[in-house]
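What follows is each chain in one-letter form.
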Amino acid sequence: MQSMEEIYQQYAQTVYRYLFSLVRDPDLAEELTQETFYQAIRSIDRYDASCKITTWLCAIAKNALRTHRRKHPPTEAIEDQPLQTPSAEAEAISADAKLSLMRRLHALPEPYREIIYLRSLGNLSFREIGELLGRSENWARVTFYRAKEKLGKDEDHAKPSL
């Protein structure tokens, strides 16, 4: 069996194109492709070669899309919403949220913090991040995903429970 690195190199574009055909959003398709390969790495031991690997990966991709849509239901189009000037209270909450995010980001251990900075602030591709850090593109994708997961978990712990 091929290594996950080889599988990623060979099939990432196929999975991306499949997802892009479903969502028509290049950023979302890339994020879901990343999620697909993360889930594939987690469940590679369950792949029994009874189907083609592309079929298996596209099934994972479809499940990743379903999960995304469940967590992010469609909302009204922006054009349909009346324009509103944010209140001083809303602006203060937004500033607090940004500060909270930056604190959580700063508290991340390496290499998570560096990956987030390079990807989000440096606008580097996963390939460029991998090259810069002497790692693979797949490593950069998975590490970025894990960093986002850590940020989400940290945010859940930071919220007061009701």
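Structure's up top.
Since the structure is predicted, the reported quantities are computational estimates derived from the model, not experimental observations.

About the thresholds
Residues numbered from 1 in each chain as written. Predicted model: local features only at pLDDT ≥ 70, side-chain atom pairs only at ≥ 80, totals over all residues. Heavy atoms only, no water. Helix = DSSP H or I, 4+ residues; strand = E, 2+ residues; numbered from the N terminus. Contact = heavy atoms within 4.5 Å. Phe/Tyr/Trp six-rings, centres within 6.5 Å; stacked < 30°, edge-to-face > 60°. Lys NZ or Arg CZ within 6 Å of the ring centre and 35° of its normal. Core = buried A, V, L, I, M, F, W, Y, C linked by side-chain atoms within 4.5 Å. Buried < 20%, exposed > 50% of the residue type's maximum accessible area, 1.4 Å probe, protein only. Patch = residues over 30% accessible without salt bridge, like charges linked within 9 Å, V, L, I, M, F, W, Y side chains within 5 Å. Areas by Shrake-Rupley, 256 points an atom, 1.4 Å probe, with all protein chains shown as cover. Salt bridge = Lys/Arg side-chain N within 4 Å of Asp/Glu carboxyl O. Lys, Arg positive; Asp, Glu negative; His and termini not counted. Charge placed at Lys NZ, Arg CZ, Asp CG, Glu CD. Expected span 1.5 Å × (residues − 1).

## Some words on the environment of Leu65
Position of Leu65 among the secondary structure elements: in helix H3 (residues 53–71). Separated by 32 residues in sequence, Leu65 and Thr33 have C-alpha atoms that sit 9.5 Å apart. Not counting residues up to four positions away in its chain, the partners in contact with Leu65 are Leu19, Leu22, Val23 and Leu32.

## A closer look at the packing of aromatic side chains
Using the criterion set out here, one finds 5 aromatic pairs in the structure. For the pair Tyr16 and Phe20, a centre-to-centre distance of 6.1 Å together with 15 degrees between the ring planes defines the contact as stacked. Remark: Phe20 and Tyr16 occur in helix H1 (residues 4–23); sequence separation between them is 4 residues, near one turn of the helix. Over the aromatic face of Phe126 sits the side chain of Arg119, whose NZ or CZ is 4.0 Å from the ring centroid. The cationic tip of Arg119 hangs over the ring face of Phe144; the distance from NZ or CZ to the ring centre is 6.0 Å.

## Some thoughts on the nonpolar core
Membership of the largest hydrophobic core comes to 21 residues, with the highest contact counts inside it found for Ile7, Leu19, Leu32, Phe37, Ile53, Trp56 and Leu57. Elements supplying a minimum of two residues to this core: H1, helix H2 (26–43) and H3. A total of 8 residues in this core trace back to one element, the largest contributor, which is H1.

## Regarding a positive patch on the surface
Judged by side-chain charge, Arg42, Arg46, Lys150 and Lys153 come together as a positively charged surface patch. Counting through the fold element by element, Lys150 comes out in helix H7 (residues 137–158).

## Describing H3
The periodicity of an α-helix, 3.6 residues per turn, causes residues three or four places apart in sequence to face the same way. Between its first and last C-alpha atoms H3 spans 27 Å; for 19 residues at 1.5 Å apiece the expected length is 27 Å, and the two agree. Looking at the buried positions of H3, the neighbouring elements they touch are H1 and H2.

## A word on unusual backbone geometry
For the bond running from Glu110 to Pro111, omega is 0 degrees, close enough to zero to count as cis. With respect to the secondary-structure elements, Pro111 resides in the loop between helix H4 (88–107) and helix H5 (112–121). The phi angle at Arg24 is positive, at roughly 55 degrees, despite the residue not being glycine. Along the chain, Arg24 falls in the loop between H1 and H2. A positive phi angle is found at Ala49, which is not glycine, with a value near 65 degrees. Within the secondary structure, Ala49 is located in the loop between H2 and H3. Taking relative accessible area as the criterion, Ala49 reaches 56% and is therefore assigned exposed.

Such coordinate-based values are descriptive only and should not be taken to indicate function.
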